[in-house]
Amino acid sequence: MSQAAPGRRLLVRDLVQLATPHGTGAPLRGRALGEVDVVEDAYLLCRDGLIEAVGRMRDLGSLDGEVEELDGSGLCAVPGLVDCHTHACFAGDRVDEFALRAGGATYEELHAAGGGIMSTVTATRSAGADALADLVRIHREWMLRAGTTTFEAKSGYGLDRDTELASLRAIAGAGGVPTWLGAHAVPPEFADADAYLDFALAEVLPEAARIAEAADVFVERGAFDVTQARRYLEACAAAGLVLRLHGDQFTEQGAVQLAIDLGARSIDHLEATGPDGVAALAQSDVVAVLLPASALFLARPMPPGRELVDAGAAVALATDFNPGSAFCESLPLVCSLAATQLQLTPAESLAACTVNAAHVLGRSQQVGRLAPGYTADVLLLGVPDWRYLAYHLGGEVIARVIAAGVPVELP
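Residues numbered from 1 in each chain as written. Predicted model: local features only at pLDDT ≥ 70, side-chain atom pairs only at ≥ 80, totals over all residues. Heavy atoms only, no water.

Draft legend 1. Molecular detail of the pattern of salt bridges. Counted according to the given criterion, the structure contains 24 salt bridges. For the salt bridge of Arg13 with Glu69, the shortest nitrogen-to-oxygen distance reads 3.6 Å. A residue pair is termed long-range when its members are at least 10 positions apart, and Arg13 in strand 1 (residues 9–21) and Glu69 in strand 4 (residues 68–71) qualify at 56 residues. For Arg13, a relative accessible area of 25% translates into the label partly exposed. Three or more residues joined by partner-sharing salt bridges are found here, namely Glu152, Lys154, Asp216, Arg244 and Asp268. (Salt bridge = Lys/Arg side-chain N within 4 Å of Asp/Glu carboxyl O. Helix = DSSP H or I, 4+ residues; strand = E, 2+ residues; numbered from the N terminus. Buried < 20%, exposed > 50% of the residue type's maximum accessible area, 1.4 Å probe, protein only.)

Draft legend 2. Looking closely at the pairing of strand 3 (residues 50–56). Sheet topology note: the strand 2 (residues 36–47)/strand 3 ladder contains six bridges and is antiparallel. Its bridge partner being in strand 3, Ala42 is matched across the sheet by Arg56. (Pairing = 2+ DSSP bridges.)

Draft legend 3. Expanded view of the nonpolar core. In terms of nonpolar packing, the biggest core is built from 101 residues, with Trp180, Val217, Tyr232, Leu245, Ile267, Leu281 and Leu308 touching the most fellow members. By residue number, the principal contributor to this core is helix 7 (residues 193–211), which donates ten residues. Those residues within four positions of Val217 in sequence are excluded, and the remaining contacts are Leu181, Ala183, Phe224, Ala229, Tyr232, Leu233, Arg244, Leu245 and His246. (Core = buried A, V, L, I, M, F, W, Y, C linked by side-chain atoms within 4.5 Å. Contact = heavy atoms within 4.5 Å.)

Draft legend 4. Highlighting the packing of aromatic side chains. Evaluation of the coordinates by the stated rule reveals twelve aromatic pairs. Between Phe90 and Phe327 the ring centres are 6.5 Å apart and the planes differ by 70°, which places this aromatic pair in the edge-to-face class. Here the residue Phe90 occupies a position in the loop between strand 6 (81–83) and helix 2 (95–102), and Phe327 occupies one in the loop between strand 13 (315–317) and helix 13 (331–341), the gap between them amounting to 237 residues. Classification of Phe327 as partly exposed rests on a relative accessible area of 43%. Look at Phe190 and Tyr196: their rings are 5.4 Å apart centre to centre, the planes differ by 70°, and that puts the pair in the edge-to-face class. Assessed through its relative accessible area of 22%, Phe190 is described here as partly exposed. Aromatic rings pair up to connect Phe90, Trp142, Phe321 and Phe327 into one cluster. (Phe/Tyr/Trp six-rings, centres within 6.5 Å; stacked < 30°, edge-to-face > 60°.)

Draft legend 5. The arrangement of the state of the cysteines in detail. Overall, the coordinates contain zero disulfides when judged by the stated rule. There is no disulfide at Cys76, and the cysteine sulfur nearest it, in Cys335, is 15 Å away. Looking at Cys353, it has no disulfide partner, and the nearest cysteine sulfur is the one in Cys335, 3.5 Å off. On the basis of relative accessible area, Cys353 is assigned to the buried category, the value being 0%. (Disulfide = S-S within 2.5 Å.)

Draft legend 6. Broad picture of the pairing of strand 9 (residues 214–217). Where burial is concerned, the two faces of strand 9 agree: the one with Ala214 and Asp216 and the one with Ala215 and Val217 are both buried. A crossover links strand 8 (residues 177–183) with its parallel partner strand 9, the connecting element being helix 7, and its sense is right-handed. The sheet contact formed by strand 9 and strand 10 (residues 242–247) spans two bridges and is parallel. The residue bridging Ala215 from the neighbouring strand is Leu243, located in strand 10. Taking the sense of rotation as the criterion, the β-α-β connection linking strand 9, helix 8 (residues 226–238) and strand 10 turns out right-handed. (Right-handed = clockwise from strand over helix to strand, strands pointing away.)

Draft legend 7. Highlighting the environment of Thr273. Mapped onto the elements, Thr273 comes out in the loop between strand 11 (266–269) and helix 10 (275–282). With 23 residues separating them along the chain, Thr273 and Phe250 place their C-alpha atoms 9.0 Å apart. Every residue in contact with Thr273, bar those within four places of it in the chain, is listed here: Asp248, Glu252, Val278 and Pro304. A polar atom in the side chain of Thr273 sits 2.7 Å from the side chain of Asp248. (Polar contact = N/O pair within 3.5 Å; in protein donor to acceptor, adjacent residues only side chain to side chain.)

Draft legend 8. A look at helix 13. If you check which residues of helix 13 are buried, you get Leu331, Pro332, Val334, Cys335, Ser336, Leu337 and Ala338. Sitting at the amino-terminal end of helix 13 is Ser330, which places a side-chain oxygen 3.1 Å from the backbone nitrogen of Leu333. Taken from the residues just after helix 13, Gln343 is the one with a positive phi, measuring 65°.

Draft legend 9. Here's a closer look at the packing of helix 6 (residues 161–173) against helix 7. Contact pair helix 6 / helix 7: the axes reach a minimum separation of 10 Å and the direction vectors enclose 20°. Comparing the axis directions of helix 6 and helix 7 gives the class roughly parallel. For the crossing formed where helix 6 meets helix 7, the hand is right-handed. Only Phe199, Glu203, Val204, Glu207, Ala208 and Ile211 of helix 7 make contact with helix 6, whose side of the interface consists of Arg161, Glu164, Leu165, Leu168 and Arg169. Considered class by class, the residues forming the contact of helix 6 with helix 7 number six nonpolar, no polar and five charged. (Axes fitted to C-alpha atoms, helices over the stretch in contact; angles between N-to-C directions. Parallel < 35°, antiparallel > 145°, perpendicular 65-115°, else oblique. Left-handed = near helix turned anticlockwise from the far one by under 90°. Nonpolar A, V, L, I, M, F, W, Y, C, P; charged D, E, K, R; others polar.)

Draft legend 10. Spotlight on unusual backbone geometry. Residue Pro27 follows Ala26 across a cis peptide bond; omega there is 0°. Relative to the elements of secondary structure, Pro27 occurs in the loop between strand 1 and helix 1 (30–33). Positive phi, normally seen in glycine, also occurs at Asp248, with a value near 55°. Taking relative accessible area as the criterion, Asp248 reaches 1% and is therefore assigned buried. With a phi close to 65°, Gln343 is a non-glycine residue in the positive phi region. You can see Gln343 is positioned in the loop between helix 13 and helix 14 (346–352).

In structure tokens form, the structure reads like this:
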């Protein structure tokens, strides 16, 4: 993507609506999650890659100097979407497994038979660093077309030193926020999870911590238990990494309390979370990152989105984009699922995949709102109302993407 040239100004004029989460704080909770500021007949002015001003067209005065203009007639503007949970660094596919699942095989059965995560590990290890970099760039373009202007991506499909580090470098090189998912699964060359963690923490963590911003662990039967996850996360925290967890995807294993005890930034999935977990998260600073596309893809129960919001928990939305359990890069589709399956309103969904997701990535003061001083990441929707972002299920609602003040031209 192009960077805004010094002094470059872009005016998007005559917008039908401009919608942005209300206020300045993050993460938003409870009633505040559903508060959206909507400006009718609006403009948005960018300078040097940042938002300079927003407002009503009738209040736009004369502008001195050279200004590029973009006609927003018939369009609505919302912040560029923020995907805070993806596995976008992978090689190969799992279309054969998808067909088997369609015929009745479960995700757990495929994993136990040597499929699942480990089949992608085999393909990713074989790809090489250059191919991984190319693949992340391709996946990044897919996400950008779907309106994602800021993305996180995890390693975890290498589970050896070279591929894990190459994955993190590929993510960073594509402009993503890299997370070391060193504890994703136990590769077959190790006798058990503890032996693998001995290796990962001694041989991979020191260099991974120089590239990644966060560390993640899959707490689940057949992956890592709470004791092992605590050991891994405490070592990662000591190395300066933000902590995140995959938890309660299939079963409750104590991941919610572990996340709270360790002050994790987020716990992601929560399809199996019960009332006690909801109540605990509502009293904590841990963000619940909900992944409804994954639940849909695997025919699993949906996470308790409405319950979490009503209890006062901080909630974010993400795609979980990966080749096995959520082959989906579309946050607009996730917003539709949040509305239809999680009972979140369109306003709550917008905040959950913008400012709250940005908070998970430590960027809530840079992206996720259309306000002066924020990065000029903007989606222009070719629809008469910004709520079509969630309303039009799987629809082509995105007319234009602006990244850091520059209209994006995608191949």
